[in-house]
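Chain residues, written in single-letter form:
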Amino acid sequence: MTATAVRETEPAQRQPAVPAAQSSPLARGRKRLFWPFIAPALVLYVVFYILPTLATAWISLNKWAGAGPMEFAGLDNYRRLLLDPVFQGSFANTLTILFAVGGATFALSFLLTMILRDMAGRKAVRAIIFFPNIISGIVLSILWGFLFQAEGVVNQALRTFGMDNPPNWLGTENLFSVIMIGLVWVQTGFFTTILMAAVDRIPKDLYEVCDLEGANAWQRFRHVTLPLMWDVVGVCAVLWSISAIKIFEFIYAFAGAAGQLPPTKVWNTALYAYAEAFASGVPKYGSAAATGMVMLALVGVLVVLLRRMFRRDTVQF
Amino acid sequence: MAMTRKFPGPSKLLGSPFAWLFALFSVAVAVWMLLTSLKSTRAIFAEPWSLPTTPQWDNYARAWTASDFAGATLNTVILVFGTAVATIALSAPAAYALSRILTRWNSGITAFFALGLGIPSQVIILPLYVMMNELYLVDSLTGLWILYVATSMPFTVFFLTGFFGSLPKELEEAAALDGASANRTFWQIMLPLARSGIITAMILNIIQHWGETLFGLVFLQSEEKATLSLALLGFLQRMQYNGADWGGLFAGVCTVVLPVLACYIWLGRRIIEGMTLGSVK
Amino acid sequence: MNGFLPRRQVLRTVAAVTVAGALGLGAAACGGGSTGEASNELVYWSMWKAGEPQAKVLESAIASFTKETGVKVKVEWKGRDVSKQLAPTLNTRNVPADLVDSADRFVKSTFVATGQGLDLSPVYDMEIPGETGKKVSDVIDPKYREYATSEGKAWLVPYEVLAEQIWYDGNALKDVAAAPPKTWDDFVSLLDSRKSARGDGPLALDADIADYSAFWTYHAILRDLGPGAFGAAATDATGAKFDDPAFVTAVRKIEQLVKGGYFVKGYDGSKFPAVQQKWAGGGADFLLLGTFAPSETKPSAKEGFAYRSFPFPEGAKGEQTQEISLIGFAIPAKARNAEAAKRFVAYFMNKERLSKIASETDNITPRADIEVPAVLADVKKTLDTARTHPALDGVKMDHTDWYTKVFQPVNTELITGKVSAADFVAKLKSTSVDFWKLNG
């Protein structure tokens, strides 16, 4: 029932994403602008982004300590990565962040979006939960660890509520979970804000129709809200995948001071690459570069999959 | 809106306290940080939960003298705004061309830019260093500025391409009929039309570079060129090693965060509205 | 090599001017023209941050150095990551620093392993300005020079000596101050009495810092098996050295500490430096840490805290040894102003100047004739009598990767009570064998 309601409100004229080819003088004049408009961005991008990436691909086939000669090693760096249990763990953590943190973040963001849709003080709440996004990850990380330590604020609060043996949050068994909760906390604000904007575009009368038909909250979400913001959800999913794989500071700063790395158990691939290059004694740039290429491949696969998943016809209104 | 208000379901009764609780948590964290910045190191560890008995304003004095936040803030402001402006100046025309001027290159180049979205900056940092060193652009704010602009290209072009694509083309056609050149049409008609998208792109760009650490750490060497995040990092290190002055440390963190908070309270609604307006288009 | 220098420099200057001109960068591009041997300037990258006590000492030495020699020194107070920042530049024609200081292990991995460090033997032969007839090698204890020499090349000139001991408050524990425990059994019985006295473990440890957890395990191993044994086991590709029954016996001591609840509550769930602060405030009795312990914890120390220390107790070997590590100067092989850098190093080794490292930063210097700060008197006593060897048996310095990927994860499990001593050894052996299969 709701699906038809959606279709009915579609405006008659749908715009194609790209204007149809024309051969008017206007079109010809514009064609002359094509390369001058694109070239500066393209050149900068190729020189400072694509070329270094190609160089990294080359370095990943070598053994290189940075200072000193490069030694061709073929796929040896990749073989080592595959067999290194620490890399396997880091890769697993990257995937866990991607799916578990991503899942929790999106679930929470949807929930908050629904709650905030018609709540008093929605703008204030939105502004507050967005705020962690503009603070440096290092600061957040230090703060987060401080809250959760054995005699930290969280446990003191739990004790006042009568929990005598609060969990050992920063113990090796829980540390990664605590990091993930922190990531959810920070990210939820960002995605809630974007999803809220998408929901705001949905015409109110659709919800009125729902109410008249006696739809419950879940049905409303399932048949009106979700289909109508599907394209935005897709954009968010791509944004999340890209940023999730790069997460670094929040985990790195958990080790506190002394230039130490956090325990290998909580490494992700970004941390692994950093450790190979800068914290494994003699730098292993080849291995770090290979890790980077693996990350790149992972992003590539995810983006292609996501685009396929979200490609279905966007509902317009 | 009025309709739904009449039927508050059970989900709503539970929902709004939950939302407030979530927001309250963030507020509590910020308040705690502020209070901690006024406590002595001993008190921070002995009773992290309590109010400061006598506010240690001294923490702020120590943090300010021990750091170079003033110089670093100036560097960062110049760098970050310079980056945002240059990024838009380069990517807006490119995005316009990619979305509005049809050639056989469009989809290929758009995809080529999108490819860069997936390249983590950690991946390219080593070769980039060698290259920048050859160009004598290491330890130079100009060099870092070029890098920031270059690495902003994929996202901004990708983002603005979508945005320009969604603008109505009638105005453009009308301008052409009036005899405006294509170049003028872009600058005088399309660019102002795309204002909200451009503001969004700039805000995202500024947020992204305000706290950027990795490139700064690798490509800047002199202290007088340090950005705010580098100054903060150095400051955190120093406060932890030297007698672990945690009161001073939190005071320093507050010194960095409070101006951002002030800006955010002042411009927050615009930031968020600008941002969402763009990304939802 | 010196023959090449002038030409290379001409080329470099030409290149610099051309590129800088082309890009319109002017002075930003290049740190100023270099004049080779007769250089009267140098760039110094320091591991300290401006305002730190060491930075202040170095700063005043630099000022008088410039006054006396006319050599200008441009200092960058880079902080602890200095070698990480320098590493990628060492292979290029534009090495930005002529002089660096850093902890031994960073110098060794960035300079020695890659052949990018200058042999500092000539510095040891230089006369110290202001001390006629005395060479650097005459004043620096030979054991430190030997420590910082590999394959006949000196890679570091130390100005600070760090050593790990077990710290306590001499005022609160007067009987310990009178007779510190010598053997493991003495130590454990002391811990027993302290534990029942305070109803909590008396040992402080910030277990989230992997090094600090490692201190306990490898000290126990070294005291039982002797210096070098841990390093030998670490690099044994067959893992057979871990099968030595003495190895697991040594590790059982740590297991005993963990299982017996001798570590203070919360040691395994805190964020550095929470536990050492707690210790300084009287919340625990003993802290195994380097000589920086007093300066790091002073602001949170309770009234009347008297810093005292004793070495990690003797084990089956029956010999008291002392772990040390060094902080000092190194010079990149491609430094433009290496001669000026060498002059400064020799200049700083002067007794009057170096003694400020002791008096103003509370550290031990490598010169025997400089008085040691009062808080480190106990450490000095051990250093004078005991055999010294590199901290962490050199493993962290020479095999960082093994240490991080193989040892640390299992060791953290041991220290936080997740595995028994026997499981620890078994796991260490198997992961170590796998590691060397992959990286050997």
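Looking up chain C in an unreviewed UniProt entry gives the name ABC transporter substrate-binding protein, with the organism given as Streptosporangium minutum.

As annotated in an unreviewed UniProt entry, chain B is ABC transporter permease from Streptosporangium minutum. Reading the Sequence similarities (unreviewed entry) entry of the UniProt record for chain B gives the comment "Belongs to the binding-protein-dependent transport system permease family." In UniProt, chain B has this text filed under Subcellular location (unreviewed entry): "Cell membrane".

Counting its regular elements, chain B contains 14 helices and zero strands. Taken across its 281 residues, chain B has 56% of its residues classed as buried. For chain B, the share of sequence-separated contacts (at least 6 apart) that also reach a separation of at least 24 residues comes to 75%. Accessible surface, chain B: about 11,600 Å² in total, of which carbon and sulfur atoms supply 71%.

A few words now on the environment of M295 of chain A. Mapped onto the elements, M295 of chain A comes out in helix α14 (residues 285-309). Taking the C-alpha atoms as reference, M295 of chain A lies 31 Å from P227 of chain A; in sequence the two are 68 residues apart. Other than its neighbours up to four places away in sequence, M295 of chain A contacts I245, T269 and A270 of chain A together with P120 and Q122 of chain B.

Residues and elements named next belong to chain B. In this numbering, the UniProt entry assigns the feature "transmembrane region" (unreviewed entry) to residues 12-35, 77-98, 110-132, 144-165, 186-207 and 246-267. Between the first and last C-alpha atoms of residues 77-98 the distance is 31 Å; the span itself is 100% helix and 0% strand. A distance of 27 Å separates the end C-alpha atoms of residues 110-132, which is 87% helix and 0% strand.

Here we take up the domain arrangement of chain C. Residues and elements named next belong to chain C. When its domains are assigned, chain C resolves into domain 1 (34-161 + 325-373) and domain 2 (163-324 + 388-439). Using C-alpha coordinates to define each centre, domain 1 is positioned 31 Å away from domain 2. With twelve residues of domain 1 at the contact, the number on the domain 2 side is ten residues. Summed over both sides, the interface of domain 1 with domain 2 buries roughly 1,000 Å², with 58% coming from carbon and sulfur. Summed over the shared surface of domain 1 and domain 2, the result is two salt bridges. Measuring nitrogen to oxygen at the nearest pair gives 2.9 Å for the salt bridge that ties K108 to D398. Counting across the interface, domain 1 meets domain 2 through three residue pairs in polar contact (both at pLDDT 80 or more). Residue assignment for the side of domain 1 that touches domain 2 shows that the elements contributing at least two residues are α4 (104-112) and α7 (142-147). Class assignment for the residues of the side of domain 1 that touches domain 2 results in five nonpolar, two polar and five charged.

Our next topic: the interface of chain B and chain C. Of the residues lining the interface, 25 residues belong to chain B; the matching set on chain C comes to 35 residues. Here chain B and chain C share an interface that buries about 2,900 Å² over both sides, 50% of which is from carbon and sulfur atoms. Inspection of the region where chain B meets chain C yields zero salt bridges. Counting across the chain B and chain C interface gives one residue pair in polar contact (both at pLDDT 80 or more). Where the side of chain B that touches chain C is concerned, the elements lending two or more residues are α3 (41-46), α7 (121-134) and α13 (228-241) of chain B.

This brings us to the pattern of salt bridges. The final tally for this structure, using the stated rule, is 33 salt bridges over all chains. A salt bridge links R62 of chain B to D58 of chain B; the nearest nitrogen and oxygen atoms lie 3.1 Å apart. Here D58 of chain B and R62 of chain B lie together in helix α4 (residues 58-66), a separation of four residues that amounts to about one turn. Its relative accessible area of 31% is what places R62 of chain B among the partly exposed residues. Residue D58 of chain B is classed as partly exposed on the basis of its relative accessible area, which comes to 46%. A salt bridge links K298 of chain C to D362 of chain C, with the nearest nitrogen and oxygen atoms 2.9 Å apart. One end of the pair, K298 of chain C, is in the loop between α14 (293-297) and β10 (307-310); the other, D362 of chain C, is in the loop between α16 (351-361) and α17 (377-385), and 64 residues separate them in sequence. The class for D362 of chain C is buried, based on a relative accessible area of 18%.

Attention now moves to the interface of chain B and chain A. The partner chain A presents 98 residues to the 98 residues of chain B that form the contact. Overall, the association of chain B and chain A removes approximately 9,000 Å² of surface from exposure, summing both partners, and the carbon and sulfur fraction of that is 79%. At the boundary of chain B with chain A, the tally comes to zero salt bridges. At the boundary of chain B with chain A, the tally comes to eight residue pairs in polar contact (both at pLDDT 80 or more).

Attention shifts here to unusual backbone geometry. Of the consecutive residues F272 of chain C and P273 of chain C, the connecting peptide bond is found in the cis state with omega at 0 degrees. Secondary-structure assignment places P273 of chain C in the loop between α12 (245-259) and α13 (274-280). In the Ramachandran plot, Y136 of chain B falls in the positive-phi region, its phi being about 55 degrees despite a non-glycine side chain. Mapped onto the fold, Y136 of chain B is located in the loop between α7 and α8 (141-165). You will see that D393 of chain C, though not glycine, has its phi angle at about 55 degrees, which is positive. Examined against the element boundaries, D393 of chain C turns out to sit in the loop between β12 (387-390) and α18 (395-398).

Quick look at the sheet that holds β10 of chain C now. All names here are of chain C. Taken in spatial order, the four strands line up as β8-β9-β7-β10 in an open sheet, and their pairing is mixed. Single-partner strands in this sheet number two, and they are β8 (203-204) and β10. Examined bridge by bridge, strand β7 (residues 165-169) and strand β9 (residues 286-289) share three bridges and lie antiparallel to one another. The residue of β9 that forms the bridge with Q165 is L289.

What follows covers the packing of aromatic side chains. All names here are of chain A. Evaluation of the coordinates by the stated rule reveals 74 aromatic pairs over all chains. Each ring, one from F34 and one from W35, has its centre 5.1 Å from the other, and the planes form 85 degrees; the classification is edge-to-face. On the accessibility criterion, W35 (38% relative accessible area) is partly exposed. For the ring pair F87 and Y272, a centre distance of 5.2 Å and an interplane angle of 70 degrees mean the geometry is edge-to-face. Within this pair, whereas F87 is found in helix α4 (residues 85-117), its partner Y272 is found in helix α13 (residues 269-278), the two being separated by 185 residues in sequence. Each member of the pair, F87 as well as Y272, is classed as buried.

Let us look at empty space enclosed by the protein. To locate leftover empty space, one rolls a probe as large as a water molecule over the atoms. One pass over the full model with this rule turns up twelve cavities of 30 Å³ or more. In this structure, the second largest cavity occupies an estimated 360 Å³ of space. Residue lining of the second largest cavity: 25 residues in total, with F278, A279 and S280 of chain A together with F106 and T400 of chain C positioned closest to the centre. Those elements that provide at least two residues to the lining of the second largest cavity are α13 of chain A together with α3 (82-86), α4 and α19 (400-415) of chain C.

The next thing to look at is the confidence of the model for chain C. All names here are of chain C. Averaged over every residue, the pLDDT of chain C is 88; the share at 70 or more is 91%. In the predicted structure, residues 1-37 sits below a pLDDT of 50 and forms 33 contacts with residues beyond four places in sequence or in another chain. In the predicted complex, the global pTM is 0.84; the interface-specific ipTM is 0.82.

Turning next to the packing of helix α5 (residues 69-100) of chain B against helix α11 (residues 195-210) of chain B. All names here are of chain B. At a minimum axis separation of 9 Å, α5 and α11 run at an interaxial angle of 145 degrees. As for how α5 packs across α11, the hand of that crossing is right-handed. Here T76, V77, V80, F81, T83, A84, V85, T87 and I88 of α5 come into contact with α11, specifically with I198, A201, M202, N205, I206, H209 and W210. Residue classes in the contact of α5 with α11 are distributed as eleven nonpolar, five polar and no charged.

What counts, and at which threshold
Residues numbered from 1 in each chain as written. Chains lettered and ligands numbered in written order. Predicted model: local features only at pLDDT ≥ 70, side-chain atom pairs only at ≥ 80, totals over all residues. Heavy atoms only, no water. UniProt positions renumbered as here; feature names shortened; annotations may be inferred. Helix = DSSP H or I, 4+ residues; strand = E, 2+ residues; numbered from the N terminus. Buried < 20%, exposed > 50% of the residue type's maximum accessible area, 1.4 Å probe, protein only. Contact = heavy atoms within 4.5 Å. Areas by Shrake-Rupley, 256 points an atom, 1.4 Å probe, with all protein chains shown as cover. Domains from an automatic or database assignment. Buried area = accessible area lost by both parts, 1.4 Å probe. Salt bridge = Lys/Arg side-chain N within 4 Å of Asp/Glu carboxyl O. Polar contact = N/O pair within 3.5 Å; in protein donor to acceptor, adjacent residues only side chain to side chain. Nonpolar A, V, L, I, M, F, W, Y, C, P; charged D, E, K, R; others polar. Pairing = 2+ DSSP bridges. Phe/Tyr/Trp six-rings, centres within 6.5 Å; stacked < 30°, edge-to-face > 60°. 1 Å grid on protein atoms, 1.4 Å probe; cavity = no way out; pocket = protein on both sides within 12 Å on 5 of 7 lines; lining within 4 Å. Points joined across faces, edges and corners; volume = space filled by probe spheres on them. pLDDT = per-residue confidence, 0-100. Axes fitted to C-alpha atoms, helices over the stretch in contact; angles between N-to-C directions. Left-handed = near helix turned anticlockwise from the far one by under 90°.

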